[in-house]
Amino acid sequence: MAGPTKTLNWLSKIGIAEGVSFLLLLGIAMPLKYKAGIPEAVKFTGWIHGVLFVAYVYLVYMAAQERKWPISRSFQAFIAALLPFGTFIFDRSLKAEIAKAEQAQQ
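A short tour of the structure in this document, coming up. Fair warning: this is a prediction, and the values are worked out from it, not measured in the lab.

The rules behind these values
- Residues numbered from 1 in each chain as written.
- Predicted model: local features only at pLDDT ≥ 70, side-chain atom pairs only at ≥ 80, totals over all residues.
- Heavy atoms only, no water.
- Helix = DSSP H or I, 4+ residues; strand = E, 2+ residues; numbered from the N terminus.
- Phe/Tyr/Trp six-rings, centres within 6.5 Å; stacked < 30°, edge-to-face > 60°.
- Expected span 1.5 Å × (residues − 1).
- Contact = heavy atoms within 4.5 Å.
- Core = buried A, V, L, I, M, F, W, Y, C linked by side-chain atoms within 4.5 Å.
- Buried < 20%, exposed > 50% of the residue type's maximum accessible area, 1.4 Å probe, protein only.

Bringing the environment of Val60 into the picture now. In this structure, Val60 sits in helix H2 (residues 40-67). Val60 sits 50 residues away from Trp10 along the chain, and the two C-alpha atoms are 9.9 Å apart.

Quick look at the structure:
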């Protein structure tokens, strides 16, 4: 991880983890709670998702400050965390930004 892209790389990794935890929460834990009567599934998955969500939002803020993102880019990143599969879609543009930054660094 190069210096200028360190935050972006972390944002990408946490974004993917946050997206996976969100899908697990919606697709597995919630049905287990409401269909099978196992509320612990939401308790643990929800807690993990919450920590990852907070880390993702923090990293969006840090990336926006470091990369001088326009408010629209920050807004896209935030909205991505609220939509199923959103962080995976946002990650595509993030990977392109990382590649461009690393190429400019060389």
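Right, let's get into the packing of aromatic side chains. We describe a pair of aromatic rings using the distance from one ring centre to the other and the angle between the two ring planes. Per the counting criterion, the structure on display carries three aromatic pairs. Aromatic pair Trp69 and Phe90: ring centres 6.3 Å apart, planes at 80°, arrangement edge-to-face. Here Trp69, found in the loop between H2 and helix H3 (71-82), pairs with Phe90, found in helix H4 (residues 86-105); they are 21 residues apart in sequence, far enough to count as distant. Ring centres of Phe85 and Phe88 lie 6.2 Å apart, and the angle between their planes is 50°; this geometry places the pair in the tilted category.

As a further point, take H2. Taking 1.5 Å as the rise per residue, H2 with 28 residues should run 40 Å; its terminal C-alpha atoms sit 40 Å apart, in good agreement. At its buried positions, H2 is contacted by helix H1 (6-36), H3 and H4.

One recurring pattern in soluble globular proteins: nonpolar side chains tend to sit buried together. Ranked by size, the top nonpolar core spans 16 residues in total, and within it Leu11, Tyr56, Trp69, Phe90 and Leu94 carry the most contacts. Contributions of two or more residues to this core are made by H1, H2, H3 and H4. If we ignore the near neighbours within four places in the chain, the residues touching Tyr56 are Leu11, Ile14, Gly15, Glu18, Ala77, Ala80, Ala81, Thr87 and Phe90.

Now for unusual backbone geometry. Even without glycine at this site, Lys68 takes up a positive phi of about 55°. Of note, Lys68 is situated in the loop between H2 and H3. Despite not being glycine, Phe85 shows a phi value in the positive range, around 70°. Residue position: Phe85 is located in the loop between H3 and H4.

None of this, on its own, says anything about what the molecule does.
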